[in-house]
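# An overview of the molecular structure
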Amino acid sequence: MTVLCHTESTSIMNRKKRKWAIDLNAATATSNDGWLFAFIDAEDDDALEVECLDHPDNLTEKQLDAADAIAAEAAEAFMDAMGESEAITIDNDGKEIRQTSFWDSELAQHGYVFVSLNEGAIRMLLPPSAEAEYLPEMKTGKSMLIEPSQQHDGSLDFVFEDGTDSPFWVVVDTRQIDAEIRPGKNIPFYVYTRNGKQLELKARTRFPEPEKKKKK
């Protein structure tokens, strides 16, 4: 499941306004005129490596020469959407959330969930725009499974297990989680909306066993 946020930018080489659809989970930027770029973290923490996965058909040589500028434009839109400088504040009462800045954050406005850990509990904050679609599906869950995403590297799948072969799940990039989720079971798991706690389940994790170091 992917939520897209849209941003607009103007290429120096192409003066028409180009719209970008940013997928933070897949780390891609797709333009309205057919460009598709993927991003991975470079060795330099402040840089991104950019790969062109697709482009419009029948490009002229001049348009191909502009690809670097368009890639830079896509990277700028991607970084803007990441909003890494924004801090989410949470006022805790033990495992419970009393107040948080999340509801008015750019992350929430773009339709992304946020996951916060405190005193052994995992709390998923649901943006207002996703409540109507997500919450009824989430409430079908009888327990929660958290595991590495089968679709997106660097993300976790939060699976609302309902006893069927096709339960509802939410893909969450680890950058949308404020602490490391450690292996465990019977972990208190809550879903919050702006109106307070809406769901309480017991969660378990399913992470791969760490590789054992070979003896020299």
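These lines cover the structure that appears in this document, whether it is placed above or below. (Residues numbered from 1 in each chain as written. Predicted model: local features only at pLDDT ≥ 70, side-chain atom pairs only at ≥ 80, totals over all residues. Heavy atoms only, no water.)

Attention now moves to the environment of Pro188. Note that Pro188 resides in strand E13 (residues 187-193). In this structure Pro188 comes out as buried when scored by relative accessible area, which is 15%. Separated by 14 residues in the primary sequence, Pro188 and Lys202 place their C-alpha atoms 5.1 Å from one another. The contact partners of Pro188, leaving out residues within four places of it in the chain, are Lys95, Gly120, Ala121, Ile122, Leu201 and Lys202. (Helix = DSSP H or I, 4+ residues; strand = E, 2+ residues; numbered from the N terminus. Buried < 20%, exposed > 50% of the residue type's maximum accessible area, 1.4 Å probe, protein only. Contact = heavy atoms within 4.5 Å.)

Before going further, it helps to spend a moment on the packing of aromatic side chains. Enumeration over the complete set of coordinates arrives at 9 aromatic pairs. Taking the centre distance of 6.1 Å and the plane angle of 25° together, the rings of Phe102 and Phe114 count as stacked. Of this pair, Phe102 sits in the loop between strand E7 (96-100) and helix H3 (106-109) while Phe114 is found in strand E8 (residues 114-118), placing the two residues 12 residues apart along the sequence. Considering the side-chain rings of Phe160 and Phe168, the 6.0 Å spacing of their centres and the 45° angle between planes classify their relative orientation as tilted. In this structure, Phe160 and Phe168 share a single accessibility class: buried. One aromatic cluster is present, built from ring pairs that chain together Tyr134, Phe158, Phe160, Phe168 and Phe189. (Phe/Tyr/Trp six-rings, centres within 6.5 Å; stacked < 30°, edge-to-face > 60°.)

Moving on to the sheet that holds strand E10 (residues 143-148). An order of E8-E9-E13-E14-E10-E11-E12 is seen for the 7 strands of this open sheet, with the pairing classed as mixed. The sheet is open, and its two borders are formed by E8 and strand E12 (168-173), each paired with just one other strand. Strand-to-strand twist of the sheet, defined as the mean angle between neighbouring strand axes without regard to direction, takes the value 30°. Both E8 and strand E9 (residues 121-125) contribute to a ladder of 5 bridges, which runs antiparallel. Bridge pairing in E9 links Leu117 to Ile122. Across the sheet, helix H4 (residues 131-138) is in contact with E9, strand E11 (155-161), E12, E13 and strand E14 (196-205); its angle to E12 comes to roughly 120°. (Pairing = 2+ DSSP bridges. Axes fitted to C-alpha atoms, helices over the stretch in contact; angles between N-to-C directions.)

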